[in-house]
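# Structural description and commentary
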Amino acid sequence: MIKVGVNGYGTIGKRVADAVRAQPDMKLVGVAKTRPNYEAEAAVRKGYPLYAAIPEKSDAFRNAGIDLAGEIDDLVMQSDVVVDCTPSGIGEQNRELYRRYDTRALFQGGESADAVDASFNARANYDVARNDDVQFVRVVSCNTTGLSRLMAPLDEAFGVEKARITLIRRGGDPADASRGPINDILPDPVTVPSHHGPDVNTILPDLNIDTVGVKVPATLMHLHSVNVTLSEAPSVDEVRDLLHEESRLFLVPDIAGIGGTGQLKEFAMDTGRPRGDLWENCIWDESLSVEDNDLYLFQSIHQESDVIPENVDAIRAIMDAADQQESMEKTDENLGVGLESVFGGVRKRITPRNADD
Ligand SMILES: NC(=O)C1=CN([C@@H]2O[C@H](COP(=O)(O)OP(=O)(O)OC[C@H]3O[C@@H](n4cnc5c(N)ncnc54)[C@H](OP(=O)(O)O)[C@@H]3O)[C@@H](O)[C@H]2O)C=CC1
Ligand SMILES: O=C(OP(=O)(O)O)[C@H](O)COP(=O)(O)O
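Residues numbered from 1 in each chain as written. Chains lettered and ligands numbered in written order. Predicted model: local features only at pLDDT ≥ 70, side-chain atom pairs only at ≥ 80, totals over all residues. Heavy atoms only, no water.

For the protein chain, an unreviewed UniProt entry supplies the name Glyceraldehyde-3-phosphate dehydrogenase and the organism Halogranum rubrum.

In structure tokens:
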């Protein structure tokens, strides 16, 4: 049983805590927060032991009538792995805390690649974390996760000569009031190519990729306009079959009438996904096209949740508790990852286990 602590219980941290609880081979030791706000209340209601992330602020919890299980040092001592989900840049400051107790730690995309021993994506480079010398691993950002998951199978099957991606980035998360209201369209970053390409190269070092980013007044999901020049010229159906086999790529069927991210999120909520989360890349099936060697498609990324299964797999990888296929299948099964439309014509995914049937 892997004992897991979550330091930082916000957009990502609360989802990681729920995902860890859903894994039979993991035990959630507790979650750490700095203040007794509505998210702390939710943690208590879920029965998650609450720890004071900043010991000097412990009284705020007691004064609010919330019993603490301890302070952050206690959480770190009791955990095999801590998933640091603090705001960008704070994770790096916590490294000494984890080192003090020889506790492995996962960081998120807001931390620098230089602050860790390895950057991680389960589909593209799972084994990079399975090394005794690796104490700190970064689960790359939502955009880099979405790009790595797509590029890995394309490169393996057809070879990628050059990828050019335009990222239409949401302006902020729905609950992130500090960044709204938003009313502009910004080249962001204005410098091109953007940081996303080099970030994908922390996962796929040899991939030839250029990215540009804009920010728009939206909060629900990111949208990627993808062009990939392949070494071969596959048919659209060959590309479709390849992508369909990937559990974390959802081909949005045209018959579903899903025209945008709002309807995608509605679909997720209608199907009973917790918080309306979409752990998968959502690729518009109708957008798939191949012109000579050039593949084009649109995909949407749910920034608040696509990194969640990646964190679960990174826990097993950093503990060397499972290989890539075993971990991804276990994560997908226990979390419920792998959207399939109920509409006719959507073939059952051939998983490695089924492939021999
Ligand atoms: N949101 C997104 O779209 C994505 C974010 N990420 C990355 O995930 C990380 C977390 O982001 P996100 O969840 O959005 O951030 P949030 O602001 O939603 O949550 C961060 C949480 O950390 C807590 N916190 C603040 N300071 C500390 C501290 N010193 N010690 C412990 N906890 C603290 C805050 O809780 P409190 O109320 O207690 O202060 C807050 O709830 C960042 O690196 C980000 O780049 C990655 C992918 C997507
Ligand atoms: O943290 C994120 O976005 P944010 O910094 O706009 O909140 C997401 O990880 C996306 O970041 P990216 O667009 O730099 O990949």
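After that view of the structure, there is still more to cover.
### Structural notes on the site of ligand 1
As a structural note, the neighbourhood of ligand 1 is formed by 23 residues, with Ile 12, Lys 33, Thr 34, Arg 35 and Asp 173 the closest of them. Within the side chain of Lys 33, one N or O atom sits 2.6 Å away from an oxygen atom of ligand 1. Contact distances for ligand 1 include 2.6 Å between a nitrogen atom and a side-chain N or O atom of Asp 173. Contact with the protein chains hides 83% of the accessible area of ligand 1, taken as 880 Å² for the molecule alone. When we break the shell around ligand 1 down by domain, the ones giving at least three residues each are domain 1 (2-140 + 308-335) and domain 2 (142-306). (Near = heavy atom within 4 Å. Polar contact = N/O pair within 3.5 Å; in protein donor to acceptor, adjacent residues only side chain to side chain. Areas by Shrake-Rupley, 256 points an atom, 1.4 Å probe, with all protein chains shown as cover. Domains from an automatic or database assignment.)

### Some words on the nonpolar core
What tends to happen in soluble globular proteins is that the nonpolar side chains get buried as a cluster. Counting 45 residues, the largest nonpolar core has Val 16, Val 31, Leu 106, Phe 120, Val 137, Ile 308 and Ile 315 as the members making the most contacts within it. Built from parts of two domains, this core gets at least three residues from each of domain 1 (2-140 + 308-335) and domain 2 (142-306). In this structure, Leu 106 is in contact with Val 81, Val 82, Val 83, Asp 84, Val 137, Asn 311, Ala 314, Ile 315 and Ile 318, ignoring residues within four places of it in sequence. Listed in part, the 28 residues of the second largest apolar core include Ala 163, Ile 165, Ile 203 and Ile 283. (Core = buried A, V, L, I, M, F, W, Y, C linked by side-chain atoms within 4.5 Å. Buried < 20%, exposed > 50% of the residue type's maximum accessible area, 1.4 Å probe, protein only. Contact = heavy atoms within 4.5 Å.)

### Some details on the pattern of salt bridges
In the structure shown here, the tally under the stated rule is 29 salt bridges. Its salt-bridge partner being Arg 99, residue Glu 96 comes within 2.5 Å of it at the nearest N-O pair. In this pair, Glu 96 and Arg 99 both sit in helix H6 (residues 95-100), three residues apart, roughly one turn of the helix. Judged by relative accessible area, which is 46%, Glu 96 ranks as partly exposed. Beyond isolated ion pairs, a larger network of salt bridges with shared partners links Asp 25, Arg 149, Arg 248, Glu 310, Asp 313, Arg 316, Lys 330 and Asp 332. (Salt bridge = Lys/Arg side-chain N within 4 Å of Asp/Glu carboxyl O. Helix = DSSP H or I, 4+ residues; strand = E, 2+ residues; numbered from the N terminus.)

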